[in-house]
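Examination of the molecular architecture
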Amino acid sequence: MLKFLKDWTLPVSIALGTLCYLIFYYVPALDTAACMFGPVFDVIFPFFVFLTLLVTFCKVDFHQMRPHRWHLWVLVAQVVLVILNIAIIIFVGNSIEQKILWEAVLTCIIGPSASAAPVVTGKLGGNISTMTTFTLISSLASAFMIPAVFPLLENDTHITFLVAFLIILEKVALVLILPLVLGYFIRHYVHPMHRWIISKPNLGFYFWGVSLAITTGITVKNIIHSDASMSLLVMIAVLSLIVCFVQFGIGRAIGRRFGEKINSGQALFQKNTALSIWVAYMYLNPVASVGAGCYVLWQNIINSLELWDYRKQQQK
């Protein structure tokens, strides 16, 4: 049983998050408990993301944290996909549902690389240091792109470029920069704690499993409470899956040219969906946030299959 939980942590987290939310939703006797636990999960979610990254960054070789050529090409691919998506919204989005559909797809593309991407990359045998560098670069690039692009799609947005840029940077700083600085400090100055963290190679991955369960519960909640038609929700789910494979394939193709297939694939395809959901609520129709919500489920299912395949190859 323990081996199964260890090997399939991500699918178990997704199933657990879904099941827990549905139980609280469909059992009226748990309404009081649901109201009590809601604020608690709002607090512990960023805490577990913070712990995930802190443990991971304690393993980073900071001397390797410098830009690489594949970083540039992955960013170029992301910008091209964003431009194509905007063109589709402008020229094809004649109806409200079509516009929401393609705005949902945009949330799956324009977001930065996931904060937890270095965790999964490390589990797949990739380079945590170069992946961490790209995560920082990607976050800064998205902080510029999001407030510059989204007002073009929704004219009644109530937030300025500068305000959005600073809010995104603040979110990035809290969940990415702070654990990176603390990780550097622990690695170089708190050697007993560093040795203990290194001795627990899967600790960060399990922290991420807890975060994923909470994220899944939030995603299921957003889908259930959405006022969109079932046909639109299904189309959003299908297109987000297609986009997931497209970004994964393009990232892998770029990585093969530079000998960084694992890093490049994860960099383009694994997205910070929490930030994408937030910007969808700020700028777009709230239903568009379902796209990023579905994407987080697809990307972690794919991550699970990657990890299974990697374990299989290691056993051989």
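The chain has the name Transporter in an unreviewed UniProt entry, where Prevotella koreensis is given as its organism. The Subcellular location (unreviewed entry) comment attached to the chain in UniProt states, word for word, "Membrane".

What follows covers the overall build of the chain. Across its full length, the chain carries 14 helices and 0 strands. Listing every helix and strand of the chain by position from the N terminus yields α-α-α-α-α-α-α-α-α-α-α-α-α-α. In summary, the chain has a C-alpha radius of gyration of 19 Å against a globular reference of 20 Å for 316 residues, a match within 12%. Dimensions of the chain, computed from C-alpha atoms along their principal axes, come out at roughly 55 × 55 × 40 Å. Put simply, the chain has 316 residues, and 50% of those count as buried. Contacts spanning at least 24 positions in sequence make up 83% of the contacts within the chain whose residues lie at least 6 apart. Carbon and sulfur atoms provide 71% of the accessible area of the chain, an area that totals close to 15200 Å². Distance from the positive charge centre (20 side chains) to the negative charge centre (13 side chains) of the chain: 17 Å.

This part takes up the packing of aromatic side chains. The tally for this structure, following the rule as stated, stands at 7 aromatic pairs. Relative to Tyr 25, the ring of Tyr 21 lies with its centre 5.9 Å away and its plane at 20°, an arrangement referred to as stacked. In this pair, Tyr 21 and Tyr 25 are both assigned in helix α2 (residues 9–26), 4 residues apart and thus about one turn of the helix distant. Take Tyr 21: its relative accessible area is 16%, and that puts it in the buried class. The rings of Tyr 21, Tyr 25 and Tyr 26 are connected pair by pair, giving a single aromatic cluster.

This part takes up the packing of helix α5 (residues 96–110) against helix α14 (residues 289–315). As a packed pair, α5 and α14 sit with axes 7 Å apart at the nearest point and diverge in direction by 50°. Here α5 is positioned oblique relative to α14, judged by the angle of their axes. For the pair α5 and α14, the crossing hand works out as right-handed. Listed contacts from α14 to Ala 104, Thr 107 and Cys 108 of α5 are Gly 291, Ala 292 and Tyr 295. For the contact of α5 with α14, the residue count by class is 4 nonpolar, 2 polar and no charged.

It is worth spelling out the nonpolar core at this point. If you look at the biggest cluster of nonpolar residues, it comprises 40 residues, and the most contacted ones within it are Ile 110, Ile 146, Phe 150, Leu 232, Ile 236 and Val 279. Counting residues per element, the ones that place at least two in this core are α4 (69–92), α5, α7 (128–153), α8 (161–189), α11 (230–258), α13 (273–283) and α14. Residues in contact with Val 279, not counting those within four places in the same chain, are Ile 146, Phe 150 and Leu 284.

Applying the stated criterion across every chain yields a total of 1 salt bridge. Across the pair Glu 306 and Arg 252 runs a salt bridge, and its minimum N-O distance is 2.8 Å. Of this pair, Glu 306 sits in helix α14 while Arg 252 sits in helix α11; the two residues are 54 residues apart in sequence, bridging distant segments of the chain. Both residues of the pair, Glu 306 and Arg 252, belong to the buried class.

Residues separated by three or four positions in an α-helix point in the same direction, a consequence of the helix having 3.6 residues per turn. For α2, which comprises 18 residues, the first-to-last C-alpha distance of 26 Å matches the rise-based estimate of 26 Å (1.5 Å per residue) to within 8%. Taken together, the buried positions of α2 are occupied by Thr 9, Leu 10, Ser 13, Ile 14, Gly 17 and Tyr 21. Seen from one end, α2 has its buried residues packed into an arc of 140°, which puts them on one side.

Let's shift gears to the side chain of Gln 270. Following the sequence through the fold, Gln 270 ends up in the loop between α12 (261–269) and α13. For Gln 270, a relative accessible area of 1% corresponds to the buried category. Within the local environment of Gln 270, its side chain forms a polar contact with the side chain of Gln 266, the two groups lying 2.7 Å apart. In this structure Gln 270 touches Pro 112, Ser 113, Ala 114, Ala 116, Ala 117, Val 120, Gln 299 and Asn 303, once residues within four positions along its chain are discounted.

This next bit is on the packing of helix α3 (residues 31–57) against helix α10 (residues 203–224). Where α3 meets α10, the axes come as close as 8 Å, and the angle between the chain directions of the two elements is 155°. Viewed along their axes, α3 and α10 adopt a mutual orientation that is roughly antiparallel. The element α3 and its partner α10 pack so that their crossing is left-handed. Contact residues: α3 offers Phe 41, Ile 44, Phe 45, Phe 48, Val 49, Leu 51, Thr 52 and Val 55, while α10 offers Leu 203, Gly 204, Phe 207, Trp 208, Val 210, Ser 211, Ile 214 and Thr 215. Looking at the contact of α3 with α10 residue by residue, the classes come out as 12 nonpolar, 4 polar and no charged.

Rules behind the numbers
- Along each chain, numbering runs from 1 in the same order as the chain's sequence is written.
- With pLDDT at 70 or above as the cut-off, local features in this predicted model cover only qualifying residues; side-chain atom pairs require 80 or more to be listed or tallied, and sums for whole chains, interfaces and linings still use all residues.
- Heavy atoms throughout the structure, all of them, feed into the side-chain values; hydrogens and water do not.
- UniProt positions are given in the numbering used here, feature names are shortened, and annotations may be inferred rather than shown by experiment.
- A run of H or I in DSSP becomes a helix once it reaches four residues, and a run of E becomes a strand once it reaches two; helices and strands are each numbered from the N terminus.
- What the globule rule says is 2.2 Å times the number of residues to the power 0.38, and the radius of gyration is computed from C-alpha atoms.
- The buried label goes to any residue with under 20% of its type's maximum accessible area, the exposed label to any with over 50%, and the partly exposed label to all in between, with areas taken from a 1.4 Å probe on protein chains only.
- Note on contacts: a residue pair is in contact if any heavy atoms of the two residues lie within 4.5 Å.
- Note on areas: Shrake-Rupley, 1.4 Å probe, and residue coverage restricted to the protein chains presented here.
- His is not counted, nor are the chain ends, whereas Lys and Arg count as positive and Asp and Glu as negative.
- One atom stands in for each charge, and that atom is NZ of Lys, CZ of Arg, CG of Asp or CD of Glu.
- Note on aromatic pairs: the rings of Phe, Tyr and Trp (six-membered ring only in Trp) are paired at centre separations within 6.5 Å, and the planes decide the class, stacked below 30 degrees, edge-to-face beyond 60, tilted for the rest.
- A fitted line through C-alpha atoms represents every axis, and for helices the fit uses only the stretch in contact; the resulting angles, taken between N-to-C directions, go from 0 to 180 degrees.
- Orientation is classified from the angle alone, with under 35 degrees giving roughly parallel, over 145 giving roughly antiparallel, 65 to 115 giving roughly perpendicular, and any other angle giving oblique.
- By the definition used in this description, the sense in which the near helix is turned from the far one sets the handedness, with an anticlockwise turn below a right angle giving left-handed and a clockwise turn giving right-handed.
- Classification used: nonpolar for Ala, Val, Leu, Ile, Met, Phe, Trp, Tyr, Cys and Pro, charged for Asp, Glu, Lys and Arg, polar for all others including Gly.
- Joining through side-chain atoms within 4.5 Å is the link that ties buried Ala, Val, Leu, Ile, Met, Phe, Trp, Tyr and Cys residues into a set, and such a set is a nonpolar core.
- A pairing counts as a salt bridge when a side-chain nitrogen of Lys or Arg comes within 4 Å of a carboxyl oxygen of Asp or Glu.
- To estimate the expected span of a helix, subtract one from its residue number and multiply by 1.5 Å.
- Think of the arc as the fan of directions from the helix axis to the C-beta atoms.
- N or O atoms closer than or at 3.5 Å make up a polar contact, with two conditions inside protein: a donor-capable atom paired with an acceptor-capable one, and, for residues adjacent in sequence, both atoms drawn from side chains.

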